[in-house]
Structure formats: C-alpha cells, structure tokens
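Inside the fold
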Amino acid sequence: MVDSELESFKTNIDLRVYAASQGYELSRKESWSGSSVMRHPVGGDKVIIKRGVDGHYVYFSVRDDRDNGSIIDFVQHRQRLSLGTVRKELRPWMGQPPVPVPTFPSLPRTEKNRMKVETAYARMKDAVTGHPYLERERALPGALLTLDRFAGRVRMDDRGNAVFPHFDAEGLSGYEIKNVGFTGFASGGSKALWLSHEFPDDNRLVFCESAIDALSHAVLFPDNRVRYSSIGGKPNPLQPELVTAAIARMPADSEIVSAMDADADGRRLTDVVREAFELAVRQDLRFTVEEPLGFKDWNDQLRERPNPLLPYRPEVPSVA
C-alpha cells in the first residue's frame, strides 16, 4: 500500500529548497535545465537533484553510490533519523518553509537513464589543466581548455578518456568518449549537440563534425566571439531541431558557419545545417561554408602544422 504522506513529501517538497535550508548552495556553473548541482560549504558534499517521471524529486551523491533517492533518503543519510522522526521533520514543509530559502524554477521530469548519465558525468574531472590524449595525439594545447569558452565542456573519466557532453533542450543527454583507437557514447544516453559556452557579444557560430574538430578550428582561427558546436557524425532525427535552436539563439547580424569534413559525409552534414538555418527564419543572419584546405578535417590540418602550439591563422576558403 502506498503511504500517501511519504508520497506527498517526495512530490510536493522541492528537494533543492530543503537542501538550501540545510546550507547547500546551488552551483550555477554545473547546473542546467532539468538538473541542479548543489554543494555544502562544510565538507564539500555534492549532490545532483532532478525530478523523476513519477514527479518525485530525487538526488544522487557524486561521492557515494549508496547515497541517493528521495527527500526521505536525503534526510536519513544526513541526519540519521528514524522514519517517524523524518515525518516530523518534513511535515512543516507541506505548509510554509520554517526558514527563509531561495526560490528555484520548476524542474522538468527526467527519465532514470538521464539521471544515470548525469551522475556518471558529474564524477568525471574537468580537463582544465589539459588532457594527455588531446595534447599528445590531437595537438590540442592544454591552455585551450582553460578558456571560459570551453570551461567544463571537456572532461576526463577514470580511464583517461576524453569526454564531450551533449546537450538537448532538457540539459545533458549523453556524452561522447574518445581515446586512441576508441570512440564510444554514454550507456543510456542520447546524442544531441556538443556546445561551447555562449556569450552575449558572440557574432559567429561554427558547426563541426566532431568536438575535436571544433576545438581544432578554435586553435587554427582564434576568435573570442565565436561559439562552437558539433553534431558528432551522422545526425539522428532530433538533432536538426537542436541545430535550428542553436542558430536562433545567436545575436543579431551573426554568421553561421558549417565547417564539416572535406568529404561526401561532411557535405551531407552541411546540407543538414543549411536546412536548419533556413528553418530558423532569421533574415539578419548569414550562412557560409568552410572546408579544410588539403586535409580531410580540421584536426588533420592542425596536426600537420610545423609547431601546433605557435599562433596560426591561415586563410580559410569558402565553399559555395
């Protein structure tokens, strides 16, 4: 039999608000639509809070696989209370919170697979000091990942793989995994778009086939007003809509660039971006195409430089 009071606690008490009353603070840098990351300043406890398809607010501890569940579990793990005492603790929250707390926008309901993906991703390290595979094999300078544009957009898992998060309208949907001779994707995740950070004065959006190609393009043609995105190879049916949405977010009078591989597959991806551009119906934007000159992709071009760490900005031919 379902305990109606416990169900009400799980559904009607915003776990983020309760956590805030216990001293937890929202990490805006690590949070996105559909997911809130909160840390406690004492001890560094870090939890991810989402909302399940059943309407329950749920959390996952980044540090302890056993520390997860509903607000009931959150209270029991931290205060070591019996279920009866937990009821007494949470009953006031069915009315007005007993202490002043911040307000949060509503969390959309999230499937369990996405929660699993996000928890695994949150445990990975930001590659802020560089990444051995990206530097040694792909000639991408470690300093690139320290830029605000790419902060948190490349991580490293416990096997040393480079990890590139994909985002859809609800937030993190999955992540690509790259290493020498290996390409994979998050178990239970879905491919969307890898995205750099977006800033209000940006005036270019460059789409590439892979995140590594996008990072390579950023090294080859440095410009602090450029956003980057990658599709991750052959697109699925949901990705064109995400491309259109990314285009629609651009400031007025911006340039949209399709910078795919110089082969048949790359040109098919350019057609996808071109159609998405037309669906955005933005008369103030312009669409251009770039291809690497004499190379299959931008990373090939980067690696063939005499010294990849030297400043370099050649002319890039436009393709009609």
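One structure accompanies this document, and this report is about it. Keep in mind it's a predicted model, so treat the numbers as computed, not measured. (Residues numbered from 1 in each chain as written. Predicted model: local features only at pLDDT ≥ 70, side-chain atom pairs only at ≥ 80, totals over all residues. Heavy atoms only, no water.)

**Description of the overall build of the chain**
A tally of helices and strands in the chain yields ten helices and 16 strands. Once the C-alpha set of the chain is aligned to its principal axes, its extents read approximately 70 × 40 × 35 Å. Across the 320 residues that make up the chain, the buried fraction comes to 52%. When the accessible surface of the chain is totalled, it reaches about 15,700 Å², and 52% of it is carbon and sulfur. Charge-centre separation for the chain: the mean point of 43 positive side chains lies 5 Å from the mean point of 46 negative side chains. (Helix = DSSP H or I, 4+ residues; strand = E, 2+ residues; numbered from the N terminus. Buried < 20%, exposed > 50% of the residue type's maximum accessible area, 1.4 Å probe, protein only. Areas by Shrake-Rupley, 256 points an atom, 1.4 Å probe, with all protein chains shown as cover. Lys, Arg positive; Asp, Glu negative; His and termini not counted. Charge placed at Lys NZ, Arg CZ, Asp CG, Glu CD.)

**Considering the nonpolar core**
The biggest cluster of nonpolar side chains holds 31 residues, and the ones touching the most others in it are Tyr175, Phe207, Val243, Ile247 and Ile256. Only helix 5 (112-122), strand 9 (162-168), strand 10 (171-179), strand 13 (204-208), helix 8 (239-248), helix 9 (264-280) and strand 16 (286-289) provide two or more residues apiece to this core. At five residues, helix 9 tops the list of elements feeding residues into this core. Ranked by size, the runner-up nonpolar core spans 28 residues in total, among them Ala139, Ile212, Leu220 and Val257. (Core = buried A, V, L, I, M, F, W, Y, C linked by side-chain atoms within 4.5 Å.)

**Quick notes on helix 3 (residues 71-79)**
Within helix 3, the full set of buried residues consists of Ile71, Ile72, Phe74 and Val75. Around the axis of helix 3, the buried residues are gathered within 165° of arc, so they sit on the same side. Tucked into the core, helix 3 has its buried residues touching helix 1 (4-12), helix 2 (15-21), strand 3 (46-52), strand 4 (57-61) and helix 4 (83-90). In the segment just after helix 3, Arg80 is the residue with positive phi, at about 55°. (Arc of directions from axis to C-beta. Contact = heavy atoms within 4.5 Å.)

**Let's talk about the pattern of salt bridges**
Under the criterion given, the structure shown has 25 salt bridges. Between Lys50 and Glu118 there is a salt bridge whose closest N-O contact spans 2.8 Å. Here Glu118 lies in helix 5 and Lys50 lies in strand 3, a separation of 68 residues in the sequence. The exposure class of Glu118 is buried, given its relative accessible area of 2%. (Salt bridge = Lys/Arg side-chain N within 4 Å of Asp/Glu carboxyl O.)

**Focus on the sheet that holds strand 16**
The strand order across the open sheet formed by five strands is 12-14-13-15-16, and the pairing between neighbours is mixed. With one partner strand each, in any of the chains shown, strand 12 (194-195) and strand 16 form the two edges of the open sheet. Two strands pair when backbone bridges link them, and strand 13 and strand 15 (residues 255-258) are joined in this way by four bridges, in the parallel orientation. Considered in strand 15, the bridge of Arg204 is made with Glu255. Along the sheet, helix 9 contacts strand 13, strand 15 and strand 16; its crossing angle with strand 16, the most-contacted strand, is approximately 175°. (Pairing = 2+ DSSP bridges. Axes fitted to C-alpha atoms, helices over the stretch in contact; angles between N-to-C directions.)

**As for the packing of helix 8 against helix 9**
Between helix 8 and helix 9, the shortest axis-to-axis distance is 8 Å and the interhelical angle comes to 55°. Judged by the angle between their axes, helix 8 and helix 9 are oblique. Helix 8 and helix 9 meet at a crossing whose hand is right-handed. Contacts from Pro240, Val243, Thr244 and Ile247 of helix 8 reach helix 9 at Val272, Val273, Ala276, Phe277, Leu279 and Ala280. The class makeup of the residues in the contact of helix 8 with helix 9 is nine nonpolar, one polar and no charged. (Parallel < 35°, antiparallel > 145°, perpendicular 65-115°, else oblique. Left-handed = near helix turned anticlockwise from the far one by under 90°. Nonpolar A, V, L, I, M, F, W, Y, C, P; charged D, E, K, R; others polar.)

**Focus: the side chain of Lys50**
Taking relative accessible area as the criterion, Lys50 reaches 2% and is therefore assigned buried. Within the structure, Lys50 has its side chain in polar contact with the backbone oxygen of Gly34 (distance 2.9 Å). (Polar contact = N/O pair within 3.5 Å; in protein donor to acceptor, adjacent residues only side chain to side chain.)

**Let's talk about the sheet that holds strand 7 (residues 125-126)**
What the five strands build is an open sheet, ordered 7-8-9-10-11; its pairing is antiparallel. Of all the strands in the sheet, the pair left with one neighbour each is strand 7 and strand 11 (182-185). The pairing of strand 7 with strand 8 (residues 155-156) spans two bridges and is classified as antiparallel. Bridged to Lys125 within strand 8 is Met156.

**Some words on the packing of aromatic side chains**
Under the counting rule described, the total for this entry stands at eleven aromatic pairs. Linked through ring pairs, Tyr18, Tyr24, Tyr59, Phe74 and Trp93 together constitute an aromatic cluster. Sitting over the ring of Phe74, Arg78 keeps its end group 4.2 Å from the ring centre. (Phe/Tyr/Trp six-rings, centres within 6.5 Å; stacked < 30°, edge-to-face > 60°. Lys NZ or Arg CZ within 6 Å of the ring centre and 35° of its normal.)

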